[in-house]
Structure formats: C-alpha cells, structure tokens
Amino acid sequence: MYDNKIELTDIDKVMLTGVGSAYIDKPVYGLPTEKAEEFLADGLGARFESKLQQMIVVSMGTGTSLVQCKGDDIRHIGGIGVGGGTLNGLSRLLLNTDDIKQISSLATQGDISHINLLIGDISARPLPGLPMNATASLFANAQGNASREDIALGLICLVLQSIGSATILSALNTDIKDFVLIGNLTLLPQCEYLFPMMEKLYDVRFIIPKYSEFCTAIGAALQGIDHPKGK
Amino acid sequence: MKIAIGIDVGISTTKIVGIQDGKVVKPLRIKATDLLLLYTEHSENICTTTKSN
C-alpha cells in the first residue's frame, strides 16, 4: 500500500480467499475483513475479466478446479489433481529442479515427438477427427536417454493437455464452448500454442484474460462490492 | 470511490488486487520464497536490534 500510495482510509473492505486464508482470523490492518468463497471468486473474477456470461472457468493452480458459470449461477463442478504442483513434483524427480522459469525455458528447445506418441506414429493416415500430429499417448515415446529439453516440454504438455482434455470432457452434454483459463499456469508460454491446438481439434475456445493469474483475487474483491449468489 | 481489496492466499503464491470504480488497480504477486528471502535479508538486522536492546 505504501509503494502504491494507497492510504488505509482509501480501503473500504478486505476480502480474503484461497486455502491460506483459513489461517487469517484477524482484521488486516484493522480494516473490515471478510472471507470470500473461493469458487465463487473464480467465477466472478473470470466473468469480470472475460465479459462472458456462460463459460467453464479452469483455475490452474497447484491443482485444477472447474467452475461452471451461467449468468449468476456459479457452481464448482469438480476438478483434477493435475496442475502446477504436478509439474513441480515431476520436474524435481526428472530434471532435479522445480524452477518454473528454467523448466519452461528448457521446454522451448524440446521436441515433443521425442516424448509423446502421436497419431502419425501409429497410423498411416489421419483418423476421423484426429490429425497426424494429435497426441495418441503422453510420454509413450520417451526413451531412457531423453534430453532435459524434451523432458521439460513433455512434462508441460502432460499437464496442460491433461487439463485441457478434462476441461473439454467436463462440458459434454452442455452448450458451453468457452473455457476461461486462470491461475499461475496460464503464464507458461507453452499455453500460447498448446490450447489453440486443442481449440482446433475440439471446436472450442480457450480464453486467457489479461489478469488471468489474479482472477480469484479479483473475484474475492468483487464479493466485497456485491454478492451474487453462487451454488 | 473507495477500494475493495481482494487477497488470494495460495499454497505458493499470494495475489493482491484492488477494485476501484469497476477497474482492477495495483495487482501484486508475492511468492512464499519472496517472504523467506525478505526474512533472510532482514533477520540479521532483527537479531542485531534484538541484541542491542
């Protein structure tokens, strides 16, 4: 607040969310402080940033949670235990580092065909709805002497493609085609081409809004301003 | 108009934003490792101050 020239008297309310907020049970700086419901915050923040009314919000943090939004009907529909934590853990085992900048930098030099089994590896021609460069099996092509660059790219693809696939499956039997990606993993540069590949394959839209990593905090603040009902 | 602050306290990172006049202001990210670094950098001063007291 000091750095940003914000006075305590400028602040109306402080809204806390996230797993760590459970440990904070006193007013922050003596200001009115309340808890905000996390999944509602995901939905409100993604809606605020994307301007969409109907979407599935994909919160890619340590794990991944899915929140369906239809207007003011915002509800947690599930999630998968694959996320940034998975990338960190597997990178510690296979690359001896969990420095995400180093991992994503290594991955820019990787070749995914050295790690994943592609449709082109098992079929002489494209299968219905599956082009030759679509993934048949993650890590199925990995050899014992794989380079660190290839492993790094393989791990990032493993995490992002698993999340993308789970997300698309979560919208089956609905008319939702828009998926708003939020959370730390949206900062991975590999998102810029991996999600568009899935968009083309499955005829959906993945949107990474401007303040993607801050959407949950934005949604928490919004709960301090107005209170749409979540379910 | 006053600011509503939202704080997302995560496992590895805490994010703080303000909302004022319907706009996002001053988004800020703090990693757990930043706090550890801050503590490490200042712990010597803290110890010195404590000793001098």
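Residues numbered from 1 in each chain as written. Chains lettered and ligands numbered in written order. Predicted model: local features only at pLDDT ≥ 70, side-chain atom pairs only at ≥ 80, totals over all residues. Heavy atoms only, no water.

Caption draft 1: Main features of the sheet that holds strand β2 (residues 13–20) of chain B. Reading across from one edge, β2(A)-β1(A)-β1(B)-β2(B)-β3(B) is the order of the five strands in this open sheet, with mixed pairing throughout. Single-partner strands in this sheet number two, and they are β2 (33–35) of chain A together with β3 (23–31) of chain B. Averaged over all adjacent pairs, the angle separating strand axes in this sheet is 20°, with direction ignored. Two strands pair when backbone bridges link them, and strand β1 (residues 11–17) of chain A and β2(A) are joined in this way by three bridges, in the parallel orientation. Pairing of Val14(A) across the sheet is with Thr33(A), part of β2(A). (Pairing = 2+ DSSP bridges. Helix = DSSP H or I, 4+ residues; strand = E, 2+ residues; numbered from the N terminus. Axes fitted to C-alpha atoms, helices over the stretch in contact; angles between N-to-C directions.)

Caption draft 2: Geometry of the interface of chain A and chain B. Tallying the contact residues gives 31 residues for chain A and 22 residues for chain B. Summing both sides of the interface, chain A and chain B together bury roughly 2,300 Å²; the carbon and sulfur share of this comes to 67%. For the pair chain A and chain B, the number of links is one salt bridge. Glu213(A) serves as the salt-bridge partner of Arg29(B), at 2.5 Å between the closest nitrogen and oxygen. Taken together, the connections running from chain A to chain B amount to 13 residue pairs in polar contact (both at pLDDT 80 or more). Contributing elements (two or more residues each) for the side of chain A that touches chain B: β1, α1 (38–50) and α7 (215–225) of chain A. Counted by class, the side of chain A that touches chain B contains 17 nonpolar, nine polar and five charged residues. (Contact = heavy atoms within 4.5 Å. Buried area = accessible area lost by both parts, 1.4 Å probe. Salt bridge = Lys/Arg side-chain N within 4 Å of Asp/Glu carboxyl O. Polar contact = N/O pair within 3.5 Å; in protein donor to acceptor, adjacent residues only side chain to side chain. Nonpolar A, V, L, I, M, F, W, Y, C, P; charged D, E, K, R; others polar.)

Caption draft 3: Quick peek at unusual backbone geometry. All names here are of chain A. Of note, the phi angle at Tyr29 is positive, near 55°, even though the residue is not glycine. Judged by its relative accessible area of 64%, Tyr29 is exposed. Although it is not a glycine, Phe139 adopts a positive phi angle of roughly 70°. When you line up the elements, Phe139 lands in the loop between β7 (135–137) and α5 (148–170). Overall, the relative accessible area of 24% leaves Phe139 in the partly exposed class. (Buried < 20%, exposed > 50% of the residue type's maximum accessible area, 1.4 Å probe, protein only.)

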